[in-house]
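Coordinate analysis (summary)
In case you want the letters, here they are:
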Amino acid sequence: MKTICALLIAVLLLSCEKRHAQSGAVVTTEKKASATKAEMLRAEIDMAAGELSIEGGGKDEVAAVFHTGAEDPVPNFKFDNTSFRARLVIDQRKSDSLTGENRWELSLPNNLSTDLFVNMGAGEAKLRLGSLDLRNVSLSIGAGKVSADFLGIPKRDYDVKIRGGIGECEVILPREVGIRAEARGGIGSIDVQGLERRNGAYENSEFQNAKVKIRLDVQGGIGEIRIRTR
C-alpha cells in the first residue's frame, strides 16, 4: 500500500512539473505575405500587452514573428492584397488572458506608401521606421515605454501622432528635413534637443523652407517625453 501511495505521489509531482514546463515554454510562429501587387499599405496593429518591434524590411513582403506562451493564442494575421491598396491587420482579443511571453517582431516593405496605426494596452514598443515610405503614423499605448526612430531620408511629408498614458516616450528624428514637434505632458517632463521653441511648438531652422517635412504630435499622461534630432 505504501509503495502504491509513493508511486501515485511521484506521478502527481511529475505531472505538475510537466504542466509548469509547458506553461513557461515559448512558441515561435512565423507569418509572411507577398505585397508585390500593392502600391500602398495600411497596417493596423492591435496588441493587448507585451513587446512590439516594427521595422522596414526592404523586401516586397510583410513578415511577422510571434513569440507567445505555449498556452496562449497566436495573434490574428490578416493580409488583403486584392487591390493596389493592401491592408494588414494583426490583432489580439482583449478577452484573452495571457499567461506567458508575448513578443511580436514585424517587418514592413520599404517600397509601399504606408499608413501605420498601432494600439497597445501596455508594454514596450520599439519602432525603427526611417526606411519606410511613410504617410501617417499613429501610436497609442496605455502604459509602458515607446522608442520611435525615424532616421532616414523620407520621400514625402508625413505626420506622426503618439499618445501615451503612463510611461516614457523617446522620438529620434532626422535633422536633414523640416521638423515641427508639438509635445504635451500631463504630469512629467518634456526634454527636446535639436529644435527651437517657436509659436507654441518646437521647430528646426529648416522647417519653413524644407521640401520634406515631418510633423510630430506627442502627448503623454504621466511620464517623460524625449525628442532628439540626429
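Since the structure is predicted, the reported quantities are computational estimates derived from the model, not experimental observations.

**With respect to the overall build of the chain**
Within the chain, the secondary structure is distributed over one helix and 13 strands. Mapped from its N terminus to its C terminus, the chain presents α and β elements in the order α-β-β-β-β-β-β-β-β-β-β-β-β-β. For the chain, the residues scored as buried account for 41% of the 230 residues in total. Relative to all contacts within the chain whose residues are 6 or more apart in sequence, the contacts with residues 24 or more apart total 67%. Working note: accessible area of the chain is about 12,200 Å², and carbon and sulfur atoms make up 51% of it.

**Some thoughts on the environment of Leu88**
With respect to the helices and strands, the residue Leu88 is situated in strand β5 (residues 85-91). Taking the C-alpha atoms as reference, Leu88 lies 7.6 Å from Phe77; in sequence the two are eleven residues apart. Residues within four places of Leu88 in sequence aside, it is in contact with Leu41, Arg42, Ala43, Glu44, Ile45, Val62, Phe77, Lys78, Phe79 and Leu108.

**Looking at the nonpolar core**
Core analysis: the biggest nonpolar cluster contains 53 residues, and Ile45, Ile54 and Phe150 have the highest contact counts within it. Not counting residues up to four positions away in its chain, the partners in contact with Phe150 are Leu129, Gly130, Leu134, Val137, Tyr158, Val160, Val171, Ile172, Leu173 and Pro174.

**Remarks on the pattern of salt bridges**
Under the definition given, this model contains 19 salt bridges. One salt bridge in this structure joins Glu105 and Arg103, with 2.7 Å as the shortest N-O distance. Residue classification places Glu105 among the partly exposed positions, given a relative accessible area of 31%. The residue Glu170 makes a salt bridge to Arg226 at a minimum N-O spacing of 3.8 Å. Residue Glu170 is located in strand β9 (residues 158-173), and its partner Arg226 is located in strand β13 (residues 213-229); the two are separated by 56 residues in the primary sequence. Three or more residues are tied together by salt bridges with common partners; here these are Arg163, Arg180, Glu182, Arg184, Glu196, Arg198, Glu203 and Asp217.

**Focus: the packing of aromatic side chains**
Across all of its chains, the model carries two aromatic pairs by this definition. Ring centres of Phe66 and Trp104 lie 5.6 Å apart, and the angle between their planes is 80°; on these two criteria the pair is classed as edge-to-face. Of this pair, Phe66 sits in strand β3 (residues 61-69) while Trp104 sits in strand β6 (residues 102-108); the two residues are 38 residues apart in sequence, bridging distant segments of the chain. Here Phe66 matches Trp104 in class, with each residue buried. Centroid distance Phe150 to Tyr158: 6.1 Å. Interplanar angle 40°. Geometry classified as tilted. Of the two residues, Phe150 and Tyr158, both sit in the buried class. Geometry around Tyr202 places Arg197 over its ring, the cationic atom sitting 4.7 Å from the centre. Here Lys213 stacks its cationic end above the ring of Phe207, 4.6 Å away from the centre of that ring.

**Some remarks on the confidence of the model for the chain**
Summing up the model confidence of the chain, the mean pLDDT is 88 and the portion of residues at 70 or higher is 88%. Throughout residues 1-23 the model reports pLDDT below 50, and contacts reaching past four residues in sequence, or to other chains, amount to three contacts.

**Some remarks on the side chain of Ser107**
The topology assignment puts Ser107 in strand β6. Ser107 gets classed as buried once you look at its relative accessible area, which sits at 19%. Among residues more than four places away in sequence, those in contact with Ser107 are Glu55, Gly56, Gly57, Glu61, Val62 and Ala63.

**A short note on a nonpolar patch on the surface**
A grouping of Ile166, Ile187 and Ile222 is seen on the molecular surface, where their side chains present a nonpolar patch of about 300 Å² in accessible area. Within the secondary structure, Ile187 is located in strand β10 (residues 178-192). Take Ile187: its relative accessible area is 58%, and that puts it in the exposed class.

Conventions used here
Residues numbered from 1 in each chain as written. Predicted model: local features only at pLDDT ≥ 70, side-chain atom pairs only at ≥ 80, totals over all residues. Heavy atoms only, no water. Helix = DSSP H or I, 4+ residues; strand = E, 2+ residues; numbered from the N terminus. Buried < 20%, exposed > 50% of the residue type's maximum accessible area, 1.4 Å probe, protein only. Contact = heavy atoms within 4.5 Å. Areas by Shrake-Rupley, 256 points an atom, 1.4 Å probe, with all protein chains shown as cover. Core = buried A, V, L, I, M, F, W, Y, C linked by side-chain atoms within 4.5 Å. Salt bridge = Lys/Arg side-chain N within 4 Å of Asp/Glu carboxyl O. Phe/Tyr/Trp six-rings, centres within 6.5 Å; stacked < 30°, edge-to-face > 60°. Lys NZ or Arg CZ within 6 Å of the ring centre and 35° of its normal. pLDDT = per-residue confidence, 0-100. Patch = residues over 30% accessible without salt bridge, like charges linked within 9 Å, V, L, I, M, F, W, Y side chains within 5 Å.

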